[in-house]
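One-letter residues, chain by chain:
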Amino acid sequence: MRRIVRKGETSQLNPQVEPSHYFRKEYDSKKRWISYWHQIDEILTLSLNSVLEVGIGNGLVANYLKRRGINITTLDIDERLMPDYVGSVLDMPFADNSFEVVTCY
């Protein structure tokens, strides 16, 4: 995990929910599981080589895609969720055109 803190930014980004929010029965509803399938299917159908996922939630989609051989990088403001990069979507630490697609679900 790489923590990105920009000049003038506080060292503490402000997550909106506790990590446990993503690991409750109420979070993983039938509709959400269907959404996971659609997210995964879209990426696999497009045959992409590089994907950025902003906001990793419980990590299910990114972990599955990684196991399928997709080069997926994750970015989230909450370091407790263990993204590849911790930072803000308002100031992403990537050069333009670093990814074929950026997802945010």
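Before any of the text, the structure's been laid out above.
Structural notes, computed from the coordinates. (Residues numbered from 1 in each chain as written. Predicted model: local features only at pLDDT ≥ 70, side-chain atom pairs only at ≥ 80, totals over all residues. Heavy atoms only, no water.)

### A short note on the pairing of strand β3 (residues 71-76)
On a regular strand, one side chain projects to one face of the sheet and the next to the other, so that they alternate.
1) Next: Counting buried residues along β3, five of its six residues qualify, which places the element largely inside the surrounding structure.
2) Next: In the classification by handedness, the crossover that spans strand β2 (residues 50-54), the intervening helix α2 (residues 60-67) and the parallel β3 is right-handed.
3) Next: The sheet contact formed by β3 and strand β4 (residues 85-86) spans two bridges and is parallel. Note on β4: the bridge partner recorded for Leu75 is Tyr85. (Buried < 20%, exposed > 50% of the residue type's maximum accessible area, 1.4 Å probe, protein only. Helix = DSSP H or I, 4+ residues; strand = E, 2+ residues; numbered from the N terminus. Right-handed = clockwise from strand over helix to strand, strands pointing away. Pairing = 2+ DSSP bridges.)

### A few points about unusual backbone geometry
1) Next: Here Ser47, not a glycine, exhibits a phi torsion of approximately 50°, which is positive.
2) Next: Looking at the element boundaries, Ser47 is found in the loop between α1 (30-46) and β2.
3) Next: Positive phi, close to 65°, is recorded for Met82, a residue that is not glycine.
4) Next: Tracing the backbone shows Met82 in the loop between β3 and β4.

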